[in-house]
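Spelled out from the first residue to the last, the chains are:
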Amino acid sequence: QAQLVESGGGLVQAGGSLRLSCAASGSIFSIKRMGWFRQAPGNQRELVAVITSGGSTNYADSVKGRFTISRDNAKNTGYLQMNSMEPEDTAVYYCAATVTSLAMTTNKYDFWGQGTQVTVSS
């Protein structure tokens, strides 16, 4: 019954903005790390941004300065604010959460969202 529910994807023009949300529910009570990934057709899945329970963040070079990852601990929800979007940002975006010590040790994620399509038109 534990799950991550994504929302906020859609179609946007180049230069525009979108905010993705990732709500954790069920037995997910303490998220050690939340990450956002994306995968475009024909491309490898790549890490976009990650935030730890301590609030530290990291970003892919391609989105640094344009995207911002954040969290709301009270709502058990993570966000990805995407600004100055480019056609190259077009992909399916996934959120993922790490809750176990094993996953933290191996730099893996325990739960994944269903993915949401983001399309940026030129």
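For the structure, check the block above.
Here goes a summary of the coordinates provided.

**Some points on the nonpolar core**
Note on soluble globular proteins: their nonpolar side chains tend to be buried together. Judged by nonpolar contacts, the single largest core of 27 residues is most densely connected at Trp-36, Val-48, Leu-80, Met-82, Tyr-93 and Val-118. Mapped by element, the contributors of at least two residues to this core are β3 (18-25), β4 (33-39), β5 (46-52), β7 (67-72), β8 (77-82), β9 (91-98) and β11 (116-121). With residues up to four places along the chain from it excluded, the contact list for Val-118 reads Gly-9, Gly-10, Leu-18, Leu-20, Met-82, Met-85, Asp-89, Thr-90, Ala-91 and Tyr-93.

**A look at unusual backbone geometry**
Note on backbone geometry: most residues besides glycine have negative phi, and most peptide bonds are trans. Backbone geometry at Asn-76 places phi at a positive 55°, although glycine is not the residue there. Residue placement: Asn-76 occurs in the loop between β7 and β8. Unlike most non-glycine residues, Asn-107 shows phi in positive territory, near 55°. Within the secondary structure, Asn-107 is located in the loop between α1 (101-105) and β10 (111-112). Taking relative accessible area as the criterion, Asn-107 reaches 57% and is therefore assigned exposed.

**A closer look at the layout of surface pockets**
Picture a little ball the size of a water molecule; that probe, rolled over the atoms, points out where space is still empty. Volume-wise, the largest pocket comes out at about 170 Å³. Around the largest pocket, the lining comprises 15 residues; the ones closest to its centre are Ile-31, Arg-71, Asp-72, Asn-73 and Asn-76. Contributions of two or more residues to the lining of the largest pocket are made by β4, β5, β7 and β8. Here the residues of the lining of the largest pocket are counted per class, giving 4 nonpolar, 7 polar and 4 charged.

**Focus on the sheet that holds β8**
The strand order across the open sheet formed by 4 strands is β1-β3-β8-β7, and the pairing between neighbours is antiparallel. Bordering the open sheet on either side are β1 (3-7) and β7, each of which pairs with just one other strand. The sheet shows a mean angle of 15° between the axes of neighbouring strands, taken without regard to direction.

**Digging into the state of the cysteines**
Per the stated rule, a full pass over the model turns up 1 disulfide. Cys-22 shares a disulfide with Cys-95; S-S distance 2.1 Å. Judged by the torsion about the S-S bond (65°), the Cys-22/Cys-95 disulfide is right-handed. Highlighted residues: Cys-22 in strand β3 and Cys-95 in strand β9, separated in sequence by 73 residues. For Cys-95, a relative accessible area of 0% corresponds to the buried category.

Criteria and thresholds
Residues numbered from 1 in each chain as written. Predicted model: local features only at pLDDT ≥ 70, side-chain atom pairs only at ≥ 80, totals over all residues. Heavy atoms only, no water. Core = buried A, V, L, I, M, F, W, Y, C linked by side-chain atoms within 4.5 Å. Buried < 20%, exposed > 50% of the residue type's maximum accessible area, 1.4 Å probe, protein only. Helix = DSSP H or I, 4+ residues; strand = E, 2+ residues; numbered from the N terminus. Contact = heavy atoms within 4.5 Å. 1 Å grid on protein atoms, 1.4 Å probe; cavity = no way out; pocket = protein on both sides within 12 Å on 5 of 7 lines; lining within 4 Å. Points joined across faces, edges and corners; volume = space filled by probe spheres on them. Nonpolar A, V, L, I, M, F, W, Y, C, P; charged D, E, K, R; others polar. Pairing = 2+ DSSP bridges. Axes fitted to C-alpha atoms, helices over the stretch in contact; angles between N-to-C directions. Disulfide = S-S within 2.5 Å.

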